[in-house]
Amino acid sequence: MATLWNGLLFRIAKHWIAGETYEEAMARAQQSNTRKVFGILNLLGEEITAQEETIAATTEYLEILKAIDARKIQSCISIKPTQLGLGIDKRLFEDNLGRILATAKSLGNFVWMDMEGSEYTTDIVDSYLEFRRKFDNVGLAIQAYAKRSEDDVNRIVESKGIIRLCKGAYNESPQIVFKGKDQINRNFSKLMRLMFEGGKGFAIATHDEKLIEEAIELSKVHRTDFEFEMLMGIRDKKKIELVEMGYRVSEYIPFGKSWWAYSVRRIREHKSNIFLLARSLVSG
Ligand SMILES: Cc1cc2nc3c(=O)[nH]c(=O)nc-3n(C[C@H](O)[C@H](O)[C@H](O)COP(=O)(O)OP(=O)(O)OC[C@H]3O[C@@H](n4cnc5c(N)ncnc54)[C@H](O)[C@@H]3O)c2cc1C
């Protein structure tokens, strides 16, 4: 019974993840490349508590970077700090990330750092700024729902860092984040403007039509280099439309065995995904 249930849930999760292996993720990236959409491969997994697992994740990212290069796939990678050991020991995390950044740099590739729950934000931003002094091939996700993000954006823009602006996906307290949709969107617009005015090479990571339109308008005034980023399985037609308009678009492609937490976040943030879940259960 548990296996049957697991199989059904995996079928739904496949809407947002490429599969359990990096071969499947690379195949998805190649498919996206044919539509001029770039890939961002993400090995699922977070809050890792065993050192060996953080080293295994690091090794897998190194293999992926080499495979992307060998097969000439247009794709970078995105890591989660707690997958590389931030929840165990900051030094362990920085050793693992340092190895990934050095390999990516030698291959001319780029690494995004995802932002996680608020208990890690200070460490992640500080590590990012430290790494940025040595590596120009690293960017950091910043969450528009977080009240501290304006300061973080200013610090990163000042140090010529590279930001991926997203709304934020974790369940946080109202002391730390804006809770209302309108407040989050207003902060997103404000931060996006700061990035267009002072940043370069950044990413606008949203599926929200109004915010995408705002970014397009800002891009006509501030002719800076940026890209749109969206998740696999969400607004696929919009990705192509933006490419046809001449914008650079990347698709975040998660894969791996730890697909559960990621899929729950996607179901929770959009009610219609409950129907997707129900339809899969009914159709067996
Ligand atoms: C490339 C990328 C990287 C990200 N990295 C991080 C990160 O490092 N840390 C972090 O906390 N969060 C990250 N996120 C997730 C992000 O914070 C949001 O949780 C998620 O993108 C949904 O927000 P939205 O901007 O699309 O707006 P929403 O207000 O949630 O949605 C706007 C519209 O988009 C469509 N839509 C949005 N989500 C779905 C869905 N699940 N299914 C179907 N339609 C949907 C709908 O049309 C909806 O009306 C990332 C998102 C992207 C795109």
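Higher on the page you've got the structure.
Read on for an overview of the structure.

Turning our attention to the site of the ligand. The environment of the ligand is formed by 24 residues, the closest being Met 115, Lys 167, Gly 168, Thr 206 and His 207. At a separation of 2.9 Å, an oxygen atom of the ligand approaches a polar side-chain atom of Gln 143. A distance of 2.7 Å separates an oxygen atom of the ligand from a polar atom in the side chain of Lys 167. The fraction of the free accessible surface of the ligand (930 Å²) that becomes covered by protein chains is 86%. Taken atom by atom, the bulk of the ligand overlaps the largest pocket. Those elements that place two or more of their residues in the shell around the ligand are β4 (138-143), β5 (163-166), β7 (226-231) and α10 (260-269). The dominant element in the shell around the ligand, judged by the number of residues it contributes, is β7, at three residues. Across the shell around the ligand, the residue classes tally to ten nonpolar, six polar and eight charged.

This paragraph deals with the pattern of salt bridges. Once the charged atoms of two side chains with opposite charge are near each other, the side chains can pair. In the structure shown here, the tally under the stated rule is 22 salt bridges. Between Glu 209 and Lys 238 there is a salt bridge; the shortest N-O distance is 3.0 Å. Of the two residues, Glu 209 is situated in helix α8 (residues 209-221) and Lys 238 in helix α9 (residues 236-244); the sequence distance between them amounts to 29 residues. Residue classification places Glu 209 among the partly exposed residues on the basis of a relative accessible area of 30%. The class of Lys 238 is buried, set by a relative accessible area of 4%. Across the salt bridge formed by Lys 238 and Glu 241, the nearest N and O atoms sit 3.1 Å from each other. Placement of both Lys 238 and Glu 241 in helix α9 is noted, with a separation of three residues, approximately one turn of the helix. The exposure class of Glu 241 is partly exposed, given its relative accessible area of 39%. Each member of the salt-bridge network shares a partner with another, and the members are Arg 28, Asp 236, Lys 239 and Glu 251.

Judged by nonpolar contacts, the single largest core of 85 residues is most densely connected at Leu 41, Ile 77, Ile 204 and Phe 228. A total of seven residues in this core trace back to one element, the largest contributor, which is helix α3 (residues 51-70). Apart from the residues lying within four places of it in its own chain, the contact partners of Ile 77 are Ile 40, Leu 41, Tyr 61, Ile 64, Leu 65, Ile 68, Ile 100, Phe 110, Val 111 and Trp 112. Listed in part, the six residues of the second largest apolar core include Tyr 145, Tyr 170, Val 177 and Ile 184.

Taken together, eight strands build a closed barrel; the order of strands is β1-β2-β3-β4-β5-β6-β7-β8 and the barrel is parallel. Pairs of neighbouring strands in the sheet enclose a mean axial angle of 25 degrees, with direction left out of account. Its contacts with the sheet place α8 against β6 (202-205) and β7, and it is angled at close to 170 degrees to β7.

Running from amino to carboxyl end, α3 crosses helix α4 (residues 90-106) at an angle of 10 degrees, the nearest separation of the two axes being 10 Å. With respect to α4, the axis of α3 lies roughly parallel. On the side of α3, the interface is formed by Gln 51, Thr 54, Ile 55, Thr 58, Tyr 61, Leu 62, Leu 65 and Lys 66, while α4 contributes Leu 92, Asn 96, Arg 99, Ile 100, Thr 103 and Ala 104.

Here the largest pocket defines a volume of roughly 1300 Å³. Elements that contribute at least two residues to the lining of the largest pocket include exactly β4, β5, α7 (181-198), β7, α10 and α11 (272-282). Its residues assigned to classes, the lining of the largest pocket shows 16 nonpolar, eleven polar and 14 charged. Within this model, the second largest pocket holds a volume of roughly 480 Å³. Taken together, 21 residues form the lining of the second largest pocket, with Cys 76, Phe 110, Trp 112, Glu 227 and Arg 248 sitting closest to its centre. Of all the elements in the fold, those that place two or more residues in the lining of the second largest pocket are β1 (38-43), β2 (75-79) and β7. A class-by-class count of the residues in the lining of the second largest pocket yields eight nonpolar, eight polar and five charged.

Thresholds, definitions, all that
Residues numbered from 1 in each chain as written. Predicted model: local features only at pLDDT ≥ 70, side-chain atom pairs only at ≥ 80, totals over all residues. Heavy atoms only, no water. Near = heavy atom within 4 Å. Polar contact = N/O pair within 3.5 Å; in protein donor to acceptor, adjacent residues only side chain to side chain. Areas by Shrake-Rupley, 256 points an atom, 1.4 Å probe, with all protein chains shown as cover. 1 Å grid on protein atoms, 1.4 Å probe; cavity = no way out; pocket = protein on both sides within 12 Å on 5 of 7 lines; lining within 4 Å. Sits in = over half its atoms within 2 Å of the grid points. Helix = DSSP H or I, 4+ residues; strand = E, 2+ residues; numbered from the N terminus. Nonpolar A, V, L, I, M, F, W, Y, C, P; charged D, E, K, R; others polar. Salt bridge = Lys/Arg side-chain N within 4 Å of Asp/Glu carboxyl O. Buried < 20%, exposed > 50% of the residue type's maximum accessible area, 1.4 Å probe, protein only. Core = buried A, V, L, I, M, F, W, Y, C linked by side-chain atoms within 4.5 Å. Contact = heavy atoms within 4.5 Å. Pairing = 2+ DSSP bridges. Axes fitted to C-alpha atoms, helices over the stretch in contact; angles between N-to-C directions. Parallel < 35°, antiparallel > 145°, perpendicular 65-115°, else oblique. Points joined across faces, edges and corners; volume = space filled by probe spheres on them.

Coordinates in, geometry out; function isn't part of it.
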